[in-house]
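The chain contents come next:
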Amino acid sequence: MINNLPVKTLKHGELTIEGYSRAAVQTYWRFPELKLGFDLGAQPWSFMGTETWFVTHGHLDHIVALPVYVARRRMMKMSPPVIYMPAETIEPMERILRQFMKLDRGRLPCDMRPVAPGDEIELSRELIVSAVATRHTVPSVGFVVWDRRRKLKPEYQELSGEKIRDLRLAGTDVSAEVRRPILAYLGDSSPGGLDDNPVMYEAKVLICELTFVAPDHRREKIHKFGHMHLDDFVERRERFKNELVIAAHLSTRYHAKTVRALVEKALPDMLGGRMHLWI
């Protein structure tokens, strides 16, 4: 397999998390078991087989590899990918693809679909992705992946299988839909993107941006430009109910050792051992 870009991998339960994220450089995530990915700031060759992607916003470090990804799938005779993104990004990207088609003298077939906060995308009987509003400097969304099951309603749980069968045959709906947020992806956002969407604090796995960590970087300015600071995590430490919190998208201003030292000083228990720095 061609290894053209860095990919870090972490296994959590039945979920494999793959990707890399550095502010203003490149961001891309893939989840093989879910058959989907987030953001296309670059495209590792090994990610090409995943055909469903969700793009949070139009900044280059999150979307610039879209033409490359589409071209590779065409070259390998794969079906056109489906890419969900904020509606405002589609027309500019269509124009970009047309220019690349002139340069490449080949088609770039893909199915780009608009999403807005509140939209839900059914990927399968068990899997739903919802878009949520985030706060960045350009139109942006975050995403929550839900596991959806139908379970017996509480009032019928003490009944025998025979009685439940009879109720079903009589037309009674004895089950109800139960959803569980298994993955939340914030993308680039100031803290309001989390606070406006409390389900992100409840998801099994949360991938959250942590762009700035130094004490002398002013939070007001950071928030204005749609990003988060380490102090935002400290203030919200009691709200994180996730099994795993991945802090990513660190600024290139910091060396990895500096990041670890500052984060461990501010959060000595690393959110009870649930926080993972993606550096």
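Rules used in this analysis
- Residues numbered from 1 in each chain as written.
- Predicted model: local features only at pLDDT ≥ 70, side-chain atom pairs only at ≥ 80, totals over all residues.
- Heavy atoms only, no water.
- Pairing = 2+ DSSP bridges.
- Helix = DSSP H or I, 4+ residues; strand = E, 2+ residues; numbered from the N terminus.
- Axes fitted to C-alpha atoms, helices over the stretch in contact; angles between N-to-C directions.
- Contact = heavy atoms within 4.5 Å.
- Buried < 20%, exposed > 50% of the residue type's maximum accessible area, 1.4 Å probe, protein only.
- Polar contact = N/O pair within 3.5 Å; in protein donor to acceptor, adjacent residues only side chain to side chain.
- Core = buried A, V, L, I, M, F, W, Y, C linked by side-chain atoms within 4.5 Å.
- Expected span 1.5 Å × (residues − 1).
- Salt bridge = Lys/Arg side-chain N within 4 Å of Asp/Glu carboxyl O.

Enquirer: Outline the sheet that holds strand β2 (residues 15–22), supporting the account with residue identities and numerical values.
Expert: With mixed pairing, seven strands are arranged side by side in an open sheet as β1-β2-β3-β4-β5-β6-β7. Only two strands of the sheet have a single neighbouring strand rather than two, namely β1 (8–12) and β7 (111–115). Across this sheet, the average inter-strand angle for adjacent strands is 20°, counted without regard to direction. Bridge count for strand β4 (residues 36–40) against strand β5 (residues 52–54) is two bridges, and the pairing is parallel. Note on β5: the bridge partner recorded for F38 is F54. Together, β6 (82–86) and β7 form the strand contacts of helix α3 (residues 87–104), whose direction differs from that of β7 by roughly 160°.

Enquirer: Could you give an account of the side chain of S189, naming the residues involved and the relevant values?
Expert: Position of S189 among the secondary structure elements: in the loop between β11 (175–185) and α5 (192–195). The class for S189 is buried, based on a relative accessible area of 0%. In this structure the side chain of S189 is engaged in a polar contact, spanning 3.1 Å, whose partner is the backbone nitrogen of R135. Discounting chain neighbours no more than four positions away, the residues touching S189 are T134, R135, H136, E209, G226, H227 and M228.

Enquirer: Lay out the nonpolar core in plain terms, naming residues and giving numbers.
Expert: Membership of the largest hydrophobic core comes to 33 residues, with the highest contact counts inside it found for L194, L210, F233, V263 and M275. If you list the elements that add at least two residues to this core, you get β9 (127–133), β10 (141–152), β12 (205–209), α7 (230–235), β13 (244–248), α8 (256–266), α9 (270–273) and β14 (275–277). With three residues, α7 is the single largest residue contributor to this core. Not counting the four nearest positions on each side in its chain, M275 is found in contact with L210, F233, V245, A247, V263, L267 and M270.

Enquirer: Could you give me a rundown of α3, with the residues and numbers involved?
Expert: Because an α-helix packs 3.6 residues into every turn, residues spaced three or four apart end up facing the same way. Between the first and last C-alpha of α3 there are 26 Å, a value that for 18 residues agrees with the 26 Å anticipated at 1.5 Å per step. Three or more residues of α3 are buried, namely T89, I90, M93 and L97. Buried positions along α3 lie against α1 (60–63), α2 (66–75), β6 and β7. Of the residues flanking the end of α3, it is R105, one or two places downstream, whose phi is positive at about 55°.

Enquirer: Just give me the short version of the pattern of salt bridges, but keep the residues and values in it.
Expert: Between side chains of opposite charge, pairing is possible as soon as their charged atoms come close. Summed over all chains, the structure comprises 20 salt bridges. Between R148 and E122 there is a salt bridge whose closest N-O contact spans 3.3 Å. Of this pair, R148 sits in strand β10 while E122 is found in strand β8 (residues 120–122), placing the two residues 26 residues apart along the sequence. Classification of E122 by relative accessible area gives exposed; the value is 56%. Its salt-bridge partner being D195, residue R239 comes within 3.2 Å of it at the nearest N-O pair. Of this pair, R239 sits in the loop between α7 and β13 while D195 sits in helix α5, and the two are 44 residues apart along the sequence. Note on R239: relative accessible area 36%, which makes it partly exposed. Judged by its relative accessible area of 27%, D195 is partly exposed. One connected set of salt bridges, linked through shared partners, spans D195, R219, D232, E235, R236 and R239.

Enquirer: So what's going on with the pairing of β4? Residues and values would help.
Expert: Counting buried positions along β4 yields five of five residues, so the element is predominantly enclosed. Strand direction decides the pairing type here: strand β3 (residues 26–31) and β4, joined by four bridges, are antiparallel. Following the sheet pairing, R30 is matched in β4 by G37. Here β3 folds back onto β4, and the loop between the two strands holds four residues, one of which, K35, carries a positive phi near 60°.

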